[in-house]
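Here is how the chains run, residue by residue.
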Amino acid sequence: MDISPNRALVVYYSRTGTTRSVAEEIASCLAADLEEVKATRDRRGLWGWLVSAKEGVLGQLTSIQAPKYDPADYELLVIGTPVWGENMSSPIRTYIKSHPTRFQKVAFFCTRQGSSSGKTLKELERLWGKPPVAVLDLKEKEVKERRIKEELDRFIDVLKESFGR
Ligand SMILES: Cc1cc2nc3c(=O)[nH]c(=O)nc-3n(C[C@H](O)[C@H](O)[C@H](O)COP(=O)(O)O)c2cc1C
């Protein structure tokens, strides 16, 4: 099933590009708009890593740039984050907290190096306040080696079906 443009918005944060590449692929499959959440703080290098890890572990907020799109205009929001300290990244936490409207359906995806994503996905659902229509959990290595097609196709199929419900 094809969906008409602008019914879905893919929102993501990415520090080193892995989550971005998945977000771009999802947006292209859904003909969706794409919103990159940009943190105002410099997160490069060891110091950037340490600050990000602390914010992830402690569930803290951070400062982000004003988004381009209003999520309330969309039927489906697909939100993607890297796992930081077994939690979501602080820019995505901040984005969700600053957009309290929950009219639309939501789906989550995350990329991670190795440890379980269970806590991240649970926390995303808790923060959003409603269960997602689908979740996608990917390892960085699989994304880089382009071994995600099957999982990605399954995720996209569920999202497309959710427009018919
Ligand atoms: C501060 C920080 C904390 C991280 N914590 C975890 C973690 O707890 N578990 C894990 O599997 N990967 C962890 N990672 C690895 C990232 O989740 C992984 O590399 C991700 O794919 C990076 O996405 P990005 O390139 O879009 O930023 C961490 C990375 C950073 C920068």
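Only a predicted model underlies this, so the values are computations on that prediction, with no experimental measurement involved. (Residues numbered from 1 in each chain as written. Predicted model: local features only at pLDDT ≥ 70, side-chain atom pairs only at ≥ 80, totals over all residues. Heavy atoms only, no water.)

(A) Local environment of the overall build of the chain. Scanning the chain for helices and strands turns up six helices and six strands. Radius of gyration (C-alpha) of the chain: 15 Å, near the 15 Å computed for a compact globule of 165 residues. C-alpha extents for the chain along the principal axes are approximately 45 × 35 × 25 Å. Within the chain, buried positions represent 49% of all 165 residues. (Helix = DSSP H or I, 4+ residues; strand = E, 2+ residues; numbered from the N terminus. Rg over C-alpha atoms; globule rule 2.2 N^0.38 Å. Buried < 20%, exposed > 50% of the residue type's maximum accessible area, 1.4 Å probe, protein only.)

(B) The layout of surface pockets, seen in detail. A volume near 490 Å³ is recorded for the largest pocket. Along its surface, the largest pocket is lined by 19 residues, and Trp49, Pro82, Val83, Trp84 and Gln113 are the ones closest to its centre. Classifying every residue of the lining of the largest pocket by side-chain character gives five nonpolar, ten polar and four charged. (1 Å grid on protein atoms, 1.4 Å probe; cavity = no way out; pocket = protein on both sides within 12 Å on 5 of 7 lines; lining within 4 Å. Points joined across faces, edges and corners; volume = space filled by probe spheres on them. Nonpolar A, V, L, I, M, F, W, Y, C, P; charged D, E, K, R; others polar.)

(C) Quick peek at the side chain of Thr19. Here Thr19 shows up in helix H1 (residues 18-30). Look at Thr19 and you get buried, because its relative accessible area is 2%. Once residues lying within four places of it in the same chain are set aside, the contact partners of Thr19 are Tyr12, Tyr13, Ser14, Gly80, Thr81, Pro82, Phe109 and Thr111. (Contact = heavy atoms within 4.5 Å.)

(D) Quick peek at the site of the ligand. Close contacts around the ligand come from 20 residues, with Ser14, Thr16, Thr19, Val83 and Ser115 the closest. A distance of 2.9 Å separates an oxygen atom of the ligand from a polar atom in the backbone of Thr18. Here Gln113 contributes a backbone N or O atom positioned 3.0 Å from an oxygen atom of the ligand. For the ligand, whose accessible area on its own is 650 Å², the fraction buried by protein is 91%. More than half of the atoms of the ligand fall within 2 Å of the grid points belonging to the largest pocket. Listed by contribution, the elements that provide at least two residues to the shell around the ligand are H1, helix H2 (45-58), strand E3 (76-84) and strand E5 (105-112). Split by residue class, the shell around the ligand holds five nonpolar, eleven polar and four charged. (Near = heavy atom within 4 Å. Polar contact = N/O pair within 3.5 Å; in protein donor to acceptor, adjacent residues only side chain to side chain. Areas by Shrake-Rupley, 256 points an atom, 1.4 Å probe, with all protein chains shown as cover. Sits in = over half its atoms within 2 Å of the grid points.)

(E) Region of the structure containing the packing of H1 against helix H6 (residues 149-162). Running from amino to carboxyl end, H1 crosses H6 at an angle of 45°, the nearest separation of the two axes being 11 Å. By the angle between their directions, the pair H1 and H6 is classed as oblique. The element H1 and its partner H6 pack so that their crossing is right-handed. In this structure, H1 contributes Glu25, Ile26, Cys29 and Leu30 to the contact, and H6 contributes Leu152, Phe155, Ile156, Leu159 and Lys160. Per-class residue counts for the contact of H1 with H6 are seven nonpolar, no polar and two charged. (Axes fitted to C-alpha atoms, helices over the stretch in contact; angles between N-to-C directions. Parallel < 35°, antiparallel > 145°, perpendicular 65-115°, else oblique. Left-handed = near helix turned anticlockwise from the far one by under 90°.)

The values reported here are purely geometric and, on their own, carry no functional implication.
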